[in-house]
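# Residue-level structure breakdown
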Amino acid sequence: DRRGRGGEFVAGFLFGGALFGTLAYIFAPQIRRSLLNEDEYGFRRAKRPIYYDEGLEKTRQTLNAKISQLNSAIDNVSSRLRGGNNMPPIQIESDPEEATM
């Protein structure tokens, strides 16, 4: 009786090993590609572009300047609507480099 159980265990062990070994053989390439970020031919996919801090700083400064210009224009319009037309019109400067962004 005890030997029959041992034989069943060994048979189940071999069957399970064969079954899960086959599944691992089938799915391992797909798992590897997703973990290593590779395409179907084994080449790595391009990473997202890296943004440089100096570029972000320049953009921040440009945005702050534009916000300042908008605030001045809003103040100018607000003043004119209240009847105080004594403020000179604000010149809006256009940056040629900004047009390329």
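Residues numbered from 1 in each chain as written. Predicted model: local features only at pLDDT ≥ 70, side-chain atom pairs only at ≥ 80, totals over all residues. Heavy atoms only, no water.

Moving on, we get to the overall build of the protein chain. Each helix and strand counted, the protein chain has two helices and zero strands in total. In the protein chain, which comprises 101 residues, the proportion classed as buried is 4%. When the accessible surface of the protein chain is split by element, carbon and sulfur atoms take 60% of a total near 9,700 Å². (Helix = DSSP H or I, 4+ residues; strand = E, 2+ residues; numbered from the N terminus. Buried < 20%, exposed > 50% of the residue type's maximum accessible area, 1.4 Å probe, protein only. Areas by Shrake-Rupley, 256 points an atom, 1.4 Å probe, with all protein chains shown as cover.)

Residues Phe-15, Leu-19, Phe-20, Leu-23, Tyr-25, Ile-26, Phe-27, Ile-31, Leu-35 and Leu-36 make up a contiguous nonpolar surface patch of about 1,100 Å² in total accessible area. Secondary-structure assignment places Leu-36 in helix H1 (residues 2-36). (Patch = residues over 30% accessible without salt bridge, like charges linked within 9 Å, V, L, I, M, F, W, Y side chains within 5 Å. Salt bridge = Lys/Arg side-chain N within 4 Å of Asp/Glu carboxyl O.)

Here we come to the pattern of salt bridges. With the rule as written, the count across this model stands at one salt bridge. Between Glu-57 and Arg-60 there is a salt bridge whose closest N-O contact spans 2.5 Å. A residue pair is termed a helical-turn pair when its members lie 3 or 4 positions apart in one helix, as Glu-57 and Arg-60 do in helix H2 (residues 53-82) at three residues.

A word on the packing of aromatic side chains. Under the defined criterion, the tally for this structure stands at one aromatic pair. Centre to centre, the rings of Phe-9 and Phe-13 are 6.3 Å apart; their planes meet at 25°, and the pair counts as stacked. With a gap of four residues between them, Phe-9 and Phe-13 both fall in helix H1, about one helical turn apart. One exposure class covers both Phe-9 and Phe-13, and it is exposed. (Phe/Tyr/Trp six-rings, centres within 6.5 Å; stacked < 30°, edge-to-face > 60°.)

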